[in-house]
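Chain by chain, the residues:
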Amino acid sequence: MKKSDLVVKDNALIQSSYSLSLVEARLILLAIVEARETGNGITAESYLEVHASHYADHFHVTIHTAYQALSEAVQTLFHRQVTIYTMDVSSQKPEKRVIRWVSAISYVEDIAKVKIRFAPDIVPLITRLEKNFTSYELEQVSGLKSAYAVRLYELLVQWRSVGKTPIFPLEQFREQMGVEPDQYVLLHNLTSRVLDHPIDQINQHTDIDVCYQQHKQGRLLGGFS
């Protein structure tokens, strides 16, 4: 694994709330890696290029599948949002900020290339190399086959050096995983789709081993750890 294949994201972004498809998540990760490989970095003005061949190589799919995946992702990624939880500087009150992932995205059909320009508010969260960042190799998520598995890995890998996570409150966990309010209302559906199946993939394909506990508040589920 090359050093340039590291994905680096601010923990504020990793702990935020967003919903991406598997292809969209992979495309963003590849764009981050592309910036590192070229040495050009990421700015609010720069376009990053992701070729279908790179997608196929990293995620072990056919070139035809890569063509189709990137073409479809261009149609949806521009509309995706991320909710960042921060503090308002003047009032010191909690602030909920909604921003786009990208300010522009295009697809060059004849050569199956996607060009991405990250939104200005996103750029600092995926470029600064400080102690509050999480880095992980792209190869670790290349074998994951669901967006929930990729998202869960990102949340958990922050705590790899500690060996355990804090309790994720149920509603916060649902938001961080991008689960809509009307999705998986029944607990067994939530745990099956958002925890059990993703954890099976993470344990099989990545460098961390995961299990979880449920935490009750009275008779109701309060969260997971």
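Residues numbered from 1 in each chain as written. Predicted model: local features only at pLDDT ≥ 70, side-chain atom pairs only at ≥ 80, totals over all residues. Heavy atoms only, no water.

A.B. asks: Explain the overall build of the protein chain to me, and be specific about the residues and the numbers.
C.D. replies: Summing up its helical and strand segments, the protein chain has eight helices and eleven strands in all. Taking 2.2 N^0.38 as the reference for a compact globule, 225 residues should give roughly 17 Å; the C-alpha atoms of the protein chain span a radius of gyration of 18 Å, in line with that estimate. When the 225 residues of the protein chain are sorted by exposure, 46% land in the buried category. A separation threshold of at least 6 residues defines the contact pool for the protein chain, and within that pool the share at least 24 residues apart is 63%. Only carbon and sulfur atoms are counted for the fraction: they give 50% of the accessible area of the protein chain, which is about 11800 Å². Averaged over its 23 positive side-chain charges, the protein chain has a centre that lies 5 Å from the centre of its 26 negative ones. (Helix = DSSP H or I, 4+ residues; strand = E, 2+ residues; numbered from the N terminus. Rg over C-alpha atoms; globule rule 2.2 N^0.38 Å. Buried < 20%, exposed > 50% of the residue type's maximum accessible area, 1.4 Å probe, protein only. Contact = heavy atoms within 4.5 Å. Areas by Shrake-Rupley, 256 points an atom, 1.4 Å probe, with all protein chains shown as cover. Lys, Arg positive; Asp, Glu negative; His and termini not counted. Charge placed at Lys NZ, Arg CZ, Asp CG, Glu CD.)

A.B. asks: Can you tell me about the environment of Tyr55, naming the residues and giving the values?
C.D. replies: Note on placement: Tyr55 falls in helix H3 (residues 52-59). Taking the C-alpha atoms as reference points, Tyr55 and Thr86, separated by 31 residues in sequence, lie 33 Å from one another. In contact with Tyr55, other than residues within four places in its own chain, are Val23, Arg26, Leu30, His60, Val61, Ala66, Ala69 and Leu70.

A.B. asks: Account for helix H6 (residues 147-157), naming residues and giving values.
C.D. replies: Judged by how many residues are buried, H6 sits mostly within the fold: ten of eleven residues are covered. Taken as a whole, H6 has its buried residues at Tyr148, Ala149, Val150, Arg151, Leu152, Tyr153, Glu154, Leu155, Leu156 and Val157.

A.B. asks: Requested: an account of the sheet that holds strand S9 (residues 168-169), with residues and values cited.
C.D. replies: Across the sheet, which stays open at both edges, the three strands sit in the order S9-S11-S10 with antiparallel pairing between neighbours. Every other strand in the sheet has two partners, leaving S9 and strand S10 (214-217) as the edge strands with one partner each. The sheet contact formed by S10 and strand S11 (residues 220-224) spans four bridges and is antiparallel. The residue of S11 that forms the bridge with His215 is Gly223. (Pairing = 2+ DSSP bridges.)

A.B. asks: Got a sec to walk through the layout of surface pockets? Specific residues and values, please.
C.D. replies: In this model, the largest pocket occupies a volume close to 450 Å³. Along the walls of the largest pocket sit 20 residues, with Leu156, Lys164, Thr165, Val210 and Cys211 positioned nearest its centre. Sorting the residues of the lining of the largest pocket by element identifies H6 and helix H8 (187-205) as the ones contributing at least two each. If you tally residues by element for the lining of the largest pocket, the top one is H6, at three residues. (1 Å grid on protein atoms, 1.4 Å probe; cavity = no way out; pocket = protein on both sides within 12 Å on 5 of 7 lines; lining within 4 Å. Points joined across faces, edges and corners; volume = space filled by probe spheres on them.)

A.B. asks: Explain the packing of H3 against helix H4 (residues 63-77) residue by residue, including any values.
C.D. replies: Interaxial distance between H3 and H4 falls to 8 Å at its minimum, and their mutual angle equals 115 degrees. Here H3 and H4 pass one another in a crossing that is right-handed. On the side of H3, the interface is formed by Ala52, Ser53, Tyr55 and Ala56, while H4 contributes Ile63, Ala66, Tyr67, Ala69 and Leu70. (Axes fitted to C-alpha atoms, helices over the stretch in contact; angles between N-to-C directions. Left-handed = near helix turned anticlockwise from the far one by under 90°.)

A.B. asks: Account for the packing of H6 against H8, with residues named and values stated.
C.D. replies: Packed helices, taken two at a time, are described by the angle between their axes plus the distance between the axes. One can describe the packing of H6 onto H8 by two numbers: an axis separation of 8 Å at closest approach and a directional angle of 80 degrees. Taken together, the axes of H6 and H8 are roughly perpendicular relative to one another. The segment H6 lies against H8, with Tyr148, Ala149, Leu152 and Tyr153 engaging Arg193, Val194, Leu195, Pro198, Ile199, Gln201 and Ile202. The residue inventory of the contact of H6 with H8, partitioned by class, reads nine nonpolar, one polar and one charged. (Parallel < 35°, antiparallel > 145°, perpendicular 65-115°, else oblique. Nonpolar A, V, L, I, M, F, W, Y, C, P; charged D, E, K, R; others polar.)

A.B. asks: Before we move on, could you go through the pattern of salt bridges and cite the residues and values that matter?
C.D. replies: A full pass over the atoms with the stated rule returns six salt bridges. Note that Glu24 is salt-bridged to Arg80, the shortest N-O span being 2.8 Å. Here Glu24, found in helix H2 (residues 22-38), pairs with Arg80, found in the loop between H4 and strand S4 (81-87); they are 56 residues apart in sequence, far enough to count as distant. Note on Glu24: relative accessible area 1%, which makes it buried. What makes Arg80 partly exposed here is its relative accessible area of 27%. Between Arg151 and Glu154 there is a salt bridge, with the nearest N and O atoms lying 3.5 Å from each other. Taken together, the residues span about one helical turn, with Arg151 and Glu154 both in helix H6 at a distance of three residues. By the burial criterion, Arg151 is buried, and Glu154 matches it. Look at the salt bridges and you will find they share partners, linking Lys9, Arg151 and Glu154 into a network. (Salt bridge = Lys/Arg side-chain N within 4 Å of Asp/Glu carboxyl O.)

A.B. asks: I'd like a rundown of the nonpolar core, residues and numbers included.
C.D. replies: Counting 70 residues, the largest nonpolar core has Leu13, Leu27, Trp101, Ile116, Phe118 and Ile122 as its most contacted members. Looking at which element gives the most residues to this core, the answer is H2, with ten residues. Sequence-distant contacts of Phe118, that is, excluding residues within four places in its chain, are made with Ile28, Ala31, Ile32, Ile42, Ala44, Leu48, Trp101, Val102, Ser103, Val123 and Ile126. (Core = buried A, V, L, I, M, F, W, Y, C linked by side-chain atoms within 4.5 Å.)

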